[in-house]
Amino acid sequence: MIIDDIEPSKGAEKPVSLHQLSLLLKDADGGGLGIVPFGGGTRLNVGSVPQKYDIALDLSAFNQIVSHNPADLTCTVEAGITIGMLQKALAEHGQFLAVDAPLPDKATIGGTIASSALGYLRWQLGHPRDTIIGMEVLLANGTVTKSGGQVVKNVSGYDMARLHVGGLGTLGVISKVSFKLTPKPFKELSVKLLFRDSYMAHSFAHSLFGSSMMPLAFASAHGDVVELLTGQASKTDVVCAIKLGGRRRACERQVTIVEKIARDSEVQTMEIIDKVESDLLWQTIRDYSGTLTTFDSIIGRIYATPSRMHDIEEALFNRLGVSNNGFSLICQQGFGAALLFIENLKTESQIGLLKDLREIVNSYQSTLVFEKLPPLLKASIDVWDSGTLSSIDQMKSLKKTYDPNSTLNAGRFVAGI
Amino acid sequence: MDKSVKSLIDVVGSDYVLWSEADLLVYEYDGSVDRSTPLIVVLPETTEQVSKIVKIARVNALPVVARGAGTGLSGGAVAEHGGVVISMSRMTQILEVNEYDKYAIVQPGVVNLDLSTHVAPLGLYYAPDPSSQRACTIGGNIAENSGGPHCLAYGVTTNHVLGMEVVLADGTITQFGGVERESQGYDLRGITIGSEGTLAIATTIIVRLLRVPETVKTMLAVFEDVETASAAVSGIIGAGIIPSAIEMMDHFCIQAVAGAGYPEGAGAVLLVELDGLEELVEDESREIESICQEFGPLEIRVATNPDEREKLWSGRKGVLGALGRLAPNYYLVDGTIPRTKLVDVLRQINELSESTGYRIANLLHAGDGNLHPSILFDERKPGDTKNVLAIGAEILRICVEAGGVLSGEHGIGLEKQDQMPLMFTDEDMAAMALLKIAFETEDVFNPGKVFPTGAACGDISQARAIARVGPGAYI
């Protein structure tokens with residue numbers, strides 16, 4: 001498994017048992033080797049260039065559902081199971097996991113959690129990290145540890161899972177996760193709206209989040225991606241997609257609320273889409289990052305607040321408008337997160353562009369992390385926005401404590417961890 | 001005067017440093033059975049003062065215990081090893097409310113319910129609602145990752161905190177998280193919440209606010225026994241409905257709150273609440289009524305106005321205090337089990353009650369399986385305290401054996417630390433304890449909590465409790 005043009009010096013290992021995995025880690029840690037764990041490999045581009053990369057640790061053999069308790073709305077799975085496989089099994093019982101990461105047929109639970117993959121089910125159902133109720137993790141030295149439990153409410157001991165959500169596998173290798181589940185909505189549909197510019201789209205979003213309803217998902221798309229969603233290219237139009245779910249009357253009421261607010265926000269077009277088309281729409285939005293596979297494409301992730309997002313979007317588009325790159329922004333309205341996509345980043349002189357974009361985002365007290373960047377450019381710009389990070393010392397201390405030999409994903413995380 | 005006292009007076013002024021025996025007595029206990037007198041109590045007003053206090057304590061090799069309102073039920077705020085108690089009771093400001101982004105920035109001494117009251121005019125509220133919310137503080141909620149009846153639908157404290165400013169064990173002031181919903185790097189915010197004051201002291205907290213639901217509906221369903229009520233709970237959840245709260249009380253609780261309007265002689269009552277859009281609440285409440293009817297309820301009552309809702313809840317909210325009508329003391333246990341094990345575990349608890357001769361009143365957050373068996377006793381009777389602590393330990397063993405956990409919302413603290421091996425191996429606990437090393441606490445912050453002391457399960461907490469419980473104590 002090549003990461004940033006680097007091959008693992010000792011190749012790949014695919015353990016098939018917990019004992020095997022534990023021994024492998026113990027030996028590697030004791031021998032000063034560097035391990036990069038992976039599942040589906042869909043997000044290996046996230047992170048800095050590995051400082052040491054000896055073993056590509058393939059966890060895809062850990063793909064079982066350990067237990068599913070439909071009546072308790074909980075399940076425990078091995079980390080190498082794909083999101084798609086898990087959701088399919090849960091759907092048979094009218095349930096699902098409120099985690100909606102890109103490319104679910106390849107993306108694994110472990111990789112999705114460790115890389116904090118951005119999904120779109122985080123409004124009504126809360127943040128994906130809050131679906132985790134227990135975790136089994138192997139430390140760098142191979143010790144198997146667990147925390148949490150299999151109940152939906154638990155304050156026994158420290159909430160160790162929090163260390164590993166978004167920790168990029170730098171403090172331990174996730175082997176099992178227990179989740180709380182959600183009943184499938186009785187009815188699901190989406191509303192697709194077109195606004196003439198981002199100001200009206202943000203204004204609409206602000207009004208929606210001030211109303212009595214809370215959607216299952218909300219995204220606004222601006223730039224090249226608009227053509228994919230509407231069939232017509234436009235640099236100024238913004239597409240908003242809202243997923244609604246619940247009982248029939250509640251869905252109808254939510255549609256009424258959306259329609260009214262949309263009309264007040266001068267919506268250009270509005271379309272109500274049934275479940276089948278809705279699923280396709282959200283698949284397109286969710287998996288858009290998966291379509292940017294060319295060497296010279298870039299994915300940036302913005303961490304902001306809803307109130308800052310419109311100004312950030314406008315400033316970014318003004319800067320990108322004078323470059324020769326194709327670009328898109330998919331924004332999570334009401335949440336304050338966004339993904340920025342840039343294509344055809346041809347030459348190293350484009351580093352100036354990336355630095356400008358980061359400076360713009362930083363000027364709004366927000367953060368821009370590059371989740372996909374050509375390896376050559378990673379030498380010239382920190383993929384992480386470490387300048388905006390607080391508590392770096394404490395983060396380094398965690399790494400030093402849990403992985404003193406820097407065995408796991410060495411150098412790939414924030415602040416060179 | 002001790003030199004550390006003098007140094008602390010230099011930081012906060014003499015009015016806010018307590019060191020006389022009479023003053024310290026008030027701070028020797030919390031809502032649990034444990035007591036221990038601190039050496040000094042300090043009441044700071046700012047983060048910088050907290051930082052200086054921690055530095056002084058460290059230089060003088062004194063442990064530090066942060067304290068909110070002292071309502072905790074597991075000994076979290078008890079100065080087990082003496083030292084300095086930092087009381088947050090002067091840090092009570094709501095510093096900012098951002099209506100657009102829906103967050104508030106508060107000091108740790110802000111009372112939980114006061115926050116919701118403050119933002120109510122904006123149509124917002126803070127969701128975690130522990131039963132002690134009229135007194136408990138946001139800082140204490142952070143330490144224990146507090147829940148409450150409505151956490152079934154809305155989650156617990158960690159789901160509603162975006163970030164915090166903290167003071168570390170060497171006095172360093174730093175920020176975990178922020179106003180954004182998520183951030184790069186390790187989730188230091190998440191790992192600190194529920195760490196029971198052992199890793200860091202939160203001095204400013206950024207909390208997420210929710211929009212007040214359009215409507216709310218509260219229903220009371222009365223059943224012959226807890227088994228039938230439990231089956232009704234399973235039926236509701238099995239129908240794909242997640243109410244905002246499902247509370248259950250057994251006949252002892254109903255008897256205690258006689259006068260609250262609950263039918264006397266009933267075996268169990270369910271208090272079910274739904275909130276959200278009117279259409280959703282109407283449809284789901286009709287279905288819940290229909291489901292409950294399948295289990296032959298003695299009565300179903302639906303509140304039709306806020307006063308009736310208040311009345312239905314008043315019994316539930318007053319039940320613990322009302323247990324005093326049945327016995328001078330009670331010991332409240334806090335295990336959580338899978339919902340599907342409710343019937344079986346409640347049966348075992350009932351058998352335990354019969355075999356030991358101690359009445360056990362069952363109050364539970366039925367929706368999430370968080371039990372609160374209350375063992376009734378009289379601490380004046382020789383042996384009673386020792387016996388109820390043993391019964392409590394046995395109940396927790398039953399919970400863990402049923403696939404549950406030691407604590408749903410009260411925390412481990414001193415009360416359950418020696419039962420941690422029921423859930424966790426030495427390796428699990430060692431991995432957790434490494435956090436103290438990573439945070440370089442050197443056991444300055446709240447030492448002697450959460451992890452076992454090394455004695456046999458339950459022995460230490462029992463011995464401690466028996467030695468310290470005094471007249472009029474209830475737990």
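Residues numbered from 1 in each chain as written. Chains lettered and ligands numbered in written order. Predicted model: local features only at pLDDT ≥ 70, side-chain atom pairs only at ≥ 80, totals over all residues.

What chain B contains, in helices and strands, is 15 helices and 18 strands. Relative to its length of 475 residues, chain B is compact, with a C-alpha radius of gyration of 22 Å against a globular reference of 23 Å. With respect to the principal axes defined by its C-alpha atoms, chain B has extents near 70 × 60 × 40 Å. For chain B, the proportion of its 475 residues judged to be buried stands at 60%. The contacts in chain B between residues at least 6 apart in sequence include a share of 73% that link residues at least 24 apart. (Helix = DSSP H or I, 4+ residues; strand = E, 2+ residues; numbered from the N terminus. Rg over C-alpha atoms; globule rule 2.2 N^0.38 Å. Buried ≥ 20, exposed ≤ 12 C-beta atoms within 10 Å, placed from the backbone. Contact = placed C-beta atoms within 7 Å.)

So, on to the overall build of chain A. When helices and strands are tallied, chain A shows 13 helices and 18 strands. In terms of overall dimensions, chain A is globule-like: its C-alpha atoms have a radius of gyration of 21 Å, near the 22 Å expected for 417 residues. Structurally, chain A occupies a C-alpha span of about 65 × 55 × 35 Å along its principal axes. Relative to its full complement of 417 residues, chain A shows a buried share of 56%. Within chain A, contacts between residues separated by at least 24 positions form 72% of all contacts whose residues are at least 6 apart in sequence.

All names here are of chain B. Where helix α8 (residues 226-238) meets helix α10 (residues 278-293), the axes come as close as 9 Å, and the angle between the chain directions of the two elements is 140 degrees. Relative to α10, the element α8 is oriented oblique. In terms of crossing hand, the pair formed by α8 and α10 is right-handed. Every residue of α10 that contacts α8 at Ala-232, Gly-235 and Ile-236 is listed here: Ile-288, Ile-291 and Cys-292. Considering only residue class, the contact of α8 with α10 consists of five nonpolar, one polar and no charged. (Axes fitted to C-alpha atoms, helices over the stretch in contact; angles between N-to-C directions. Parallel < 35°, antiparallel > 145°, perpendicular 65-115°, else oblique. Left-handed = near helix turned anticlockwise from the far one by under 90°. Nonpolar A, V, L, I, M, F, W, Y, C, P; charged D, E, K, R; others polar.)

Next up on the list: the pairing of strand β9 (residues 173-180) of chain A. Residues and elements named next belong to chain A. Taking burial as the measure, the eight residues of β9 include eight buried ones, the bulk of the element. Direction of pairing for strand β5 (residues 74-78) relative to β9: antiparallel, over a ladder of five bridges. Bridge pairing links Thr-76 to Ser-178 in β9. Pairing of strand β7 (residues 132-138) with β9 involves six bridges; the strand directions are antiparallel. Following the sheet pairing, Leu-138 is matched in β9 by Val-173. (Pairing = 2+ DSSP bridges.)

As a further point, take helix α8 (residues 275-286) of chain A. At 3.6 residues per turn, the α-helix brings residues three or four places apart onto the same side. Residue and element names in this part refer to chain A. The end-to-end C-alpha separation of α8 is 16 Å, in line with the 16 Å expected for twelve residues at 1.5 Å each. Buried residues of α8: Ser-278, Trp-282, Ile-285 and Arg-286, and no others. Buried residues along α8 cover an arc of 90 degrees about the axis, so they all sit on one side. Away from the buried face of α8 by more than 90 degrees, exposed residues Val-276 and Leu-280 are located. Residues of α8 that are buried sit in contact with β11 (187-195), β12 (217-223), β13 (238-246), β14 (269-273), α9 (288-291) and β16 (326-332). (Expected span 1.5 Å × (residues − 1). Arc of directions from axis to C-beta.)

Our next topic: the domain arrangement of chain A. All names here are of chain A. Taken domain by domain, chain A comprises domain 1 (1-184 + 386-417), domain 2 (187-286) and domain 3 (289-383). With centres defined by C-alpha atoms, the gap from domain 1 to domain 3 works out at 26 Å. Among the residues making up the side of domain 1 that touches domain 3, the classes are represented as six nonpolar, five polar and three charged. (Domains from an automatic or database assignment.)

We now examine the domain arrangement of chain B. Under the domain assignment, chain B is made up of domain 1 (3-87), domain 2 (94-211), domain 3 (214-326) and domain 4 (327-475). Here the C-alpha centre of domain 3 of chain B lies 42 Å away from the C-alpha centre of domain 1 of chain B.

It is at 8 Å that the axes of helix α7 (residues 248-264) of chain A and α10 of chain B come closest, and there the two elements cross at 180 degrees. Classified by the angle their axes make, α7 of chain A and α10 of chain B are roughly antiparallel. Between α7 of chain A, through Arg-249, Ala-250 and Arg-253 of chain A, and α10 of chain B, the contact on the second element is made entirely by Glu-279, Leu-280 and Asp-283 of chain B. In the contact of α7 of chain A with α10 of chain B, the residues fall into two nonpolar, no polar and four charged.

Turning our attention to the sheet that holds strand β9 (residues 173-177) of chain B. Residues and elements named next belong to chain B. The strand order β5-β6-β10-β8-β9 describes an open sheet built from five strands, whose pairing is antiparallel. Of all the strands in the sheet, just β5 (94-98) and β9 have a single pairing partner and so form its edges. Going from strand to strand, the sheet's axes swing by 15 degrees on average, the running direction of each strand aside. Pairing of β5 with strand β6 (residues 103-106) involves four bridges; the strand directions are antiparallel. When the bridges of β6 are listed, Glu-96 appears paired with Ile-105. Helix α3 (residues 47-59) contacts β8 (161-167), β9 and β10 (201-208) of the sheet and is inclined by roughly 50 degrees relative to β8.

This paragraph deals with the sheet that holds strand β3 (residues 55-58) of chain A. Residue and element names in this part refer to chain A. Spatially, β1-β3-β2 is the arrangement adopted by the three strands of the open sheet, whose pairing is parallel. What marks the edges here is a single partner per strand, and that holds for β1 (12-13) and β2 (35-38). For β2 and β3, the ladder comprises four bridges, and the chain directions are parallel. Its bridge partner being in β3, Phe-38 is matched across the sheet by Asp-58.

What follows concerns the interface of chain A and chain B. Frequently, the measure chosen for interface size is the accessible area that the parts lose on association. Contacts between the two partners involve 62 residues from chain A and, on the opposite side, 70 residues from chain B. Counting residues per element, the side of chain A that touches chain B draws most heavily on helix α13 (residues 392-402) of chain A, at six residues. Of the residues contributing to the side of chain A that touches chain B, the split by class is 26 nonpolar, 26 polar and ten charged.

This part covers the pairing of strand β18 (residues 370-377) of chain B. Sheet faces and side chains relate simply in a regular strand, where the side chains alternate between the two faces. Residues and elements named next belong to chain B. The buried fraction of β18 is high, at eight of eight residues. Burial of β18 is two-sided: the residues Asn-370, His-372, Ser-374 and Leu-376 facing one way and the residues Leu-371, Pro-373, Ile-375 and Phe-377 facing the other way are all buried. Relative to β18, strand β16 (residues 329-332) runs antiparallel, the two sharing four bridges. The residue of β18 that forms the bridge with Asn-329 is Phe-377. Pairing geometry for strand β17 (residues 360-365) and β18, over six bridges, is antiparallel. Within β18, the position partnered with Ile-360 by the bridge is Ile-375. Joining the antiparallel neighbours β17 and β18 is a turn of four residues, in which Gly-369 adopts a positive phi near 75 degrees.

The next subject is unusual backbone geometry. All names here are of chain A. The residue Asp-4 is not glycine, and still its phi comes out positive at about 50 degrees. By the secondary structure assignment, Asp-4 is in the segment before β1. Accessibility expressed as a C-beta count within 10 Å gives 18 for Asp-4, which makes it partly exposed.

Another aspect to go through is helix α5 (residues 198-209) of chain A. Residues and elements named next belong to chain A. Helix length check: α5 (twelve residues) gives 16 Å between terminal C-alpha atoms against 16 Å at 1.5 Å per residue, within 8%. Among the residues of α5, those classed as buried are Ser-198, Ala-201, His-202, Phe-204, Ala-205, Leu-208 and Phe-209. In an axial view of α5, the angular spread of the buried residues amounts to 155 degrees, which keeps them on one side of the axis. Buried residues along α5 sit against β11, β12, β13, α7 and α10 (306-321).

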